[in-house]
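Analysis of the macromolecular model
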Amino acid sequence: MCTIRIGGRAKNVYFPSSQDEIRWLLIESLEKDKRFFPLGIGSNTVFSDGVIDLFFVSTRYLKRFNIKQKGKNYYIEAESGVSFKTITDIVKKLNLEGFEHLSGIPATVGGATVMNAGAYGTEISDIIEEVYWFNKEGNLRILKRDQINFSYRKSPFQKEGFVYKVVLKLSSSKKDIKSIIKKHLEERNKKQPLNYPTAGSTFKNPPKYPAGYLLEKVGLKGYKIGNVAFSEKHANFLINLGGGKFKELKKLIEIAERRVGEMYHIKLEKEIQIVE
Ligand SMILES: Cc1cc2nc3c(=O)[nH]c(=O)nc-3n(C[C@H](O)[C@H](O)[C@H](O)COP(=O)(O)OP(=O)(O)OC[C@H]3O[C@@H](n4cnc5c(N)ncnc54)[C@H](O)[C@@H]3O)c2cc1C
């Protein structure tokens, strides 16, 4: 259930398809005192080996969406399991502006909102109008954009609860949105190791230098332990060379944190979500 394909087995995974089921699962996890862990496509998540006994809740069956038009603006109301691929198809078809720079991110709408995913100067928070969020007690809150404190790869939803639905505000464009998207996809193909299982950026970019640059400078580009490596193509991407183990990935992260700390006095902050 994660794109880097490392980790053991989940004892239980739940697949809600309605608000009632989400509410029930939140209450159940609270009563059973088990950590509630929502999951999109796991493109920013890594699991430890062995059996993991958490309350995993997948958004796989929350894929409904609708589109409303008000003048020049379009509002896409998407459940959290709707993929960026689906949103990309919509914006290409209707030539909508606002989402184009995010189009190549392998994500669900829910996972991207929680991570405040971004690329090429746009973050999803730039186009969010409203978030429908269940708190840990199972109560639904509808939050307007200005009530939500987003920052670089951070949102308040990382702490608890469940993002059920997100309203994105886009507008019809005079630009050729299809060709902008095509250009971004080509760039991603060139720069990212998309032929290997990966979880995207391992570390957030510190203020002064990109994490990939720092990892390269401390000699970790292409560095491998067992079957996990920092990619030759993009040093901040960990890749699974086949049968990679969690302890190999963890060791690589520790080495990177230590080397960058010693040589640059910079404390790297993980972007990937590690579940142990
Ligand atoms: C090849 C590649 C390229 C990437 N490029 C980028 C990029 O350009 N920019 C970028 O920002 N990221 C990038 N990423 C990282 C990743 O795609 C994003 O963080 C994405 O938003 C994660 O979406 P997901 O649905 O897979 O979330 P998951 O990995 O499934 O979950 C991420 C976090 O969100 C939580 N979560 C998921 N859904 C919900 C929900 N409904 N309610 C509450 N919590 C939830 C999870 O518990 C977890 O903590 C890339 C990853 C890969 C593999």
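Right, let's walk through the structure included here. Remember, it's a predicted structure, so these values are computed and weren't measured experimentally.

Focus on helix 4 (residues 177–191)
Given a rise of 1.5 Å per residue, 15 residues ought to cover 21 Å, and the 21 Å separating the end C-alpha atoms of helix 4 matches this to within 8%. Taken as a whole, helix 4 has its buried residues at Ile177, Ile180, Ile181, His184 and Arg188. Buried positions in helix 4, seen along its axis, are confined to an arc of 95° and lie on one side of it. Looking at helix 4, the residues exposed on the side facing more than 90 degrees away from the buried face are Lys182 and Lys190. Buried-residue contacts for helix 4 involve helix 2 (84–94), strand 9 (96–97) and strand 10 (118–119).

Re the sheet that holds strand 17 (residues 228–230)
Read across the open sheet, the 4 strands follow the order 15-18-17-16; overall the sheet is antiparallel. A single partner strand is all that each edge strand has here, and the edge strands are strand 15 (198–201) and strand 16 (224–225). Sheet topology note: the strand 17/strand 18 (residues 237–240) ladder contains 3 bridges and is antiparallel. Looking at strand 18, one finds that valine 228 is bridged to asparagine 240.

A few points about the packing of aromatic side chains
Counted under the stated rule, the structure contains 12 aromatic pairs. Between phenylalanine 36 and phenylalanine 162, the aromatic rings sit 6.1 Å apart at their centres with planes inclined by 85°, giving edge-to-face as the arrangement. Linking phenylalanine 36 in strand 3 (residues 36–39) with phenylalanine 162 in strand 14 (residues 162–172), this pair joins segments that are 126 residues apart in sequence. An identical accessibility class is assigned to phenylalanine 36 and phenylalanine 162; each is buried. Ring plane angle 70° and centroid distance 4.9 Å describe the contact between phenylalanine 84 and phenylalanine 99, whose orientation is recorded as edge-to-face. With phenylalanine 84 in helix 2 and phenylalanine 99 in the loop between strand 9 and helix 3 (109–115), this residue pair connects regions lying 15 residues apart in the sequence. A network of ring pairs unites the aromatic residues Tyr14, Phe36, Phe55 and Phe162 as a single cluster. The ring centre of tyrosine 75 lies 5.1 Å from the NZ or CZ of lysine 70, which sits over that ring. One cation-aromatic arrangement involves lysine 165 over tyrosine 132; the distance from NZ or CZ to the ring centre is 4.3 Å.

Here's the deal with the site of the ligand
Taken together, 36 residues sit near the ligand, with Pro38, Gly40, Ser43, Thr108 and Gly118 positioned nearest. Between the ligand and proline 38, the relevant distance is 2.6 Å, taken from an oxygen atom to a main-chain nitrogen or oxygen of the residue. A distance of 2.8 Å separates a nitrogen atom of the ligand from a polar backbone atom of valine 163. Look at the ligand: alone it shows 980 Å² of surface, and the protein chains cover 95% of it. Among the elements that make up the shell around the ligand, the one with the highest residue count is helix 3 (5 residues). Considering only residue class, the shell around the ligand consists of 17 nonpolar, 16 polar and 3 charged. The two domains that each donate at least three residues to the shell around the ligand are domain 1 (1–191) and domain 2 (193–275).

What to know about the pattern of salt bridges
Side-chain pairs of opposite charge can arise where the charged atoms are in close proximity. Under the definition given, this model contains 19 salt bridges. Salt-bridge contacts for arginine 153 lead to glutamate 271; the nearest nitrogen and oxygen are separated by 3.7 Å. One end of the pair, arginine 153, is in the loop between strand 13 (140–144) and strand 14; the other, glutamate 271, is in the loop between helix 6 (246–264) and strand 19 (273–275), and 118 residues separate them in sequence. The class of arginine 153 is buried, set by a relative accessible area of 13%. Glutamate 216 is the partner of lysine 221 in a salt bridge, and the nearest nitrogen-oxygen pair spans 3.6 Å. On the accessibility criterion, lysine 221 (31% relative accessible area) is partly exposed. One connected set of salt bridges, linked through shared partners, spans Lys11, Lys34 and Asp53.

Analysis parameters
Residues numbered from 1 in each chain as written. Predicted model: local features only at pLDDT ≥ 70, side-chain atom pairs only at ≥ 80, totals over all residues. Heavy atoms only, no water. Helix = DSSP H or I, 4+ residues; strand = E, 2+ residues; numbered from the N terminus. Expected span 1.5 Å × (residues − 1). Buried < 20%, exposed > 50% of the residue type's maximum accessible area, 1.4 Å probe, protein only. Arc of directions from axis to C-beta. Contact = heavy atoms within 4.5 Å. Pairing = 2+ DSSP bridges. Phe/Tyr/Trp six-rings, centres within 6.5 Å; stacked < 30°, edge-to-face > 60°. Lys NZ or Arg CZ within 6 Å of the ring centre and 35° of its normal. Near = heavy atom within 4 Å. Polar contact = N/O pair within 3.5 Å; in protein donor to acceptor, adjacent residues only side chain to side chain. Areas by Shrake-Rupley, 256 points an atom, 1.4 Å probe, with all protein chains shown as cover. Nonpolar A, V, L, I, M, F, W, Y, C, P; charged D, E, K, R; others polar. Domains from an automatic or database assignment. Salt bridge = Lys/Arg side-chain N within 4 Å of Asp/Glu carboxyl O.

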